[in-house]
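# Chain and residue survey
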Amino acid sequence: IFQKMKSQFTSDFDFSVPGAMKLQNLIQKLKKWIKILEAKTKLLPKSFLIEEKCRFLSNFSRSTAEVELPGEFLLPKHSHYCVLIQRFMPRVEIVSKHGAAARRLHIRGHNGKIYPYLVVNDSGLADARREERVLQLLRMLNHLLAKHKETSRRFLNLTVARVVAVSPQMRLVQDNPASDSLLSIYQGRCAKRQQDHHNPIARYYERLSAVQARGSQASHQVLREILKEVQSTMVPRTMLREWATATFQSATDYWTFRKVITLQLALAGFVEYVLHLSRLNPDIQYIHQDSGLINVAYFKFDVDDVSGELDSNRPVPFRLTPNLTELITSVGVAGPLTASMIAAARCLVHPSFKIQALLRAVLRDELIAWHKKNSDTNQTVTVDTNGQQQVDTKDGEAIITMVGKAVTAITARLTSLSQFDGTESKVGQLVAAACST
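Residues numbered from 1 in each chain as written. Predicted model: local features only at pLDDT ≥ 70, side-chain atom pairs only at ≥ 80, totals over all residues. Heavy atoms only, no water.

### Examining the pairing of strand β9 (residues 285-288)
Stated precisely, the cut-off is as follows: Burial status follows relative accessibility: with a 1.4 Å probe on protein chains alone, a residue under 20% of its type maximum counts as buried, one over 50% as exposed, and anything between as partly exposed. Here a strand is any run of E in DSSP of at least two residues, a helix any run of H or I of at least four, and the numbering for each starts at the N terminus. When DSSP locates at least two bridges between a pair of strands, those strands are taken to pair.
Here β9 shows two buried faces, one formed by Q285 and I287 and the other by Y286 and H288. Across three bridges, strand β8 (residues 179-181) lies against β9 in antiparallel orientation. Its bridge partner lying in β9, S179 is registered against H288. Where β9 lies against strand β10 (residues 294-296), three bridges are found, and the strand directions are antiparallel. Bridging across to β10, Y286 finds its partner in N295. Between β9 and β10, which pair antiparallel and follow one another directly, the connecting turn spans five residues, one of which, G292, has a positive phi of 90°.

### Digging into the nonpolar core
Applicable threshold: Nonpolar core, defined: a set of buried Ala, Val, Leu, Ile, Met, Phe, Trp, Tyr and Cys residues in which side-chain atoms within 4.5 Å join the residues together. By definition, residues are in contact when any of their heavy atoms lie within 4.5 Å.
If you look at the biggest cluster of nonpolar residues, it comprises 81 residues, and the most contacted ones within it are L141, F270, L275, F301 and L320. For F270, the contacting residues outside a window of four places in its chain are M341, A344, A345, L348, L414 and L417. In this structure, I85, F88, L105 and L172 belong to the second largest nonpolar core, which totals 14 residues.

### Some remarks on the sheet that holds β8
Our working definition: Only C-alpha atoms enter the line fits that serve as axes; for helices the fit covers just the stretch in contact. Angles between N-to-C directions range over 0 to 180 degrees.
Overall, antiparallel pairing links the three strands, which are arranged β8-β9-β10 in an open sheet. Strands with a single pairing partner mark the edges of an open sheet, and in this sheet they are β8 and β10. Each strand of the sheet is rotated relative to its neighbour by a mean of 30°, with strand direction disregarded. Relative to β9, helix α11 (residues 251-274) is tilted by about 150°, and along the sheet it contacts β9 and β10.

### Things to note about the packing of aromatic side chains
Test applied: Between rings of Phe, Tyr and Trp, where Trp is taken as its six-membered ring, a pair exists when centres lie within 6.5 Å; planes separated by under 30 degrees are stacked, by over 60 edge-to-face, and by other angles tilted. Counted as over-ring charges are cases with an Arg CZ or a Lys NZ within 6 Å of the ring centre that also lie within 35 degrees of the ring normal.
Within this structure, the stated rule accounts for eight aromatic pairs. Relative to F13, the ring of F9 lies with its centre 4.7 Å away and its plane at 40°, an arrangement referred to as tilted. With centroids separated by 5.9 Å and ring planes inclined at 65°, the aromatic side chains of F60 and F88 adopt a geometry described as edge-to-face. Residue F60 is located in the loop between α4 (55-59) and β2 (85-88), and its partner F88 is located in strand β2; the two are separated by 28 residues in the primary sequence. When sorted by exposure, F60 lands in the same class as F88, which is buried. Ring pairs connect the aromatic residues F9, F13 and W33, which therefore count as one cluster. Here the guanidinium or amino end of K53 rests over the ring plane of F48, the centre of that ring lying 5.6 Å away.

### Some points on the layout of surface pockets
Gaps left between atoms are located by rolling a probe of water-molecule size over the structure's atoms. Put simply, the rule reads: Here a cavity means grid points, on a 1 Å grid over the protein atoms only, where a 1.4 Å probe fits yet cannot get out; a pocket means an open set of points with protein on both sides within 12 Å along at least five of seven lines; lining residues are those with an atom within 4 Å of a point. Grid points are joined across faces, edges and corners, and a volume is the space filled by probe spheres set on the points. Under this grouping Gly is polar, as are all residues other than the nonpolar Ala, Val, Leu, Ile, Met, Phe, Trp, Tyr, Cys and Pro and the charged Asp, Glu, Lys and Arg.
Roughly 1,400 Å³ of volume is contained in the second largest pocket. Looking at the second largest pocket, it is lined by 32 residues, and the ones nearest its centre are E38, S96, K97, S184 and Q187. When residues of the lining of the second largest pocket are traced back to their parent elements, those giving at least two are α2 (23-43), β3 (91-97), β4 (100-109), β8 and α7 (182-192). Sorting elements by how many residues they give to the lining of the second largest pocket places α2 first, with six residues. Residue classes in the lining of the second largest pocket are distributed as 12 nonpolar, 11 polar and nine charged.

### So, the packing of helix α12 (residues 322-348) against helix α15 (residues 426-434)
For clarity, the threshold we go by: Any angle that falls under 35 degrees is termed roughly parallel, while one over 145 is termed roughly antiparallel, one within 65 to 115 roughly perpendicular, and all others oblique. Each crossing gets its hand from how the near helix is turned against the far one by less than a right angle, where anticlockwise is left-handed and clockwise is right-handed.
Two numbers describe how α12 lies on α15: the axes approach to 10 Å, and their chain directions differ by 125°. Here α12 lies oblique to α15, going by the angle between them. Where α12 crosses over α15, the two elements pack in a sense that is right-handed. On the side of α12, the interface is formed by V333, L337, T338, M341 and I342, while α15 contributes V427, G428 and V431.

### Section: the pattern of salt bridges
What counts here: For salt bridges, the criterion is a side-chain nitrogen of Lys or Arg within 4 Å of an Asp or Glu carboxyl oxygen.
Under the definition given, this model contains 25 salt bridges. Between E309 and K405 there is a salt bridge, with its nearest N and O atoms 2.7 Å apart. Of this pair, E309 sits in the loop between β10 and α12 while K405 is found in helix α14 (residues 393-418), placing the two residues 96 residues apart along the sequence. Under the relative-accessibility criterion, E309 is labelled partly exposed at 39%. A residue is classified by how much of its surface remains accessible, and K405, at 47% relative accessible area, is partly exposed. Look at the salt bridges and you will find they share partners, linking R203, E206, R207, E225 and E229 into a network.

Below is the structure:
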């Protein structure tokens, strides 16, 4: 079967055929193959016994060795207490998460709780260290948010999953079986409406090619018309709200979920804008259906590949699409969401928290990694006795300047968000810009 599929795949993607390189033709072929491979994947087993693959883990217990849970010491803790691995549960599930077919291990801690972890083996994890830097920074920001009165009383706390690298291509990621990505929710709703979830993209390129065939360029007006057509015929603004009302049928559950997700969206948008992080795409935004918490996978600093500066030119400051605003309502956007962003900004600009010192430490590693990637392959980045990366004096001075510029850019945004005059604030302007669609 594999050889037959391989020959079909090769013939479909034969670029010597005239017109094979056209974007629309490529999209059609990719859609066809995604459907074929998804159908094949659904036939594969969904779980297996751990003893079939690794007898050592199957027999492992706390009496074998006292090993802490993965990521237990990612933040400083009381040394006299940590959760140890009691044993690995017998069944391993195969799930599709984080853009890969991951194995979900269930680990029983010595406190009796079950902790699910995903084993993600992905050759595309070349930038995994970059994400781990951002996650570590977010954990440290949580410590500051918990100390401040206004953020603490609003329960403002970033949801940061534990991520532990096992090898360059493999890592353990803390999981919540009740979590689902925004993209999966969209695909599920499309399936209920009996429509292909790729239709909006196909329609976009059809309209775009029709405009270009007339010899004119696609203006902002044309793009807006395409968006309005997609919203009116394929993806209504109420799709996410319909999913929430179907999932949380009790009014109390629905209200609690909506309240928590409003605060979580405020924090996600806040860190995306202030820290100049990569775009918050629907496939990396995981909503926990049992709590309303949101965790983001693959958040990275949006560093320009050529200049090494943080990218500050975005059409919209953060993700607040019509479906999200419809779920949390206009009152939620103008009230709790805006207030939470201002409270978070006012917390982090507090002088005693020394946010600049945290930013410098994290951005230094980020920009050394960028420098190493872009510099001559003959140059080496040495590691000192403390495990810190070091570069030549000349390059080091340039990196110090770049780190200073990046920290200044972040603190400038932070300061502007922390200021308000009555009902007027910079946050209000950003929220209006994000909702302008």
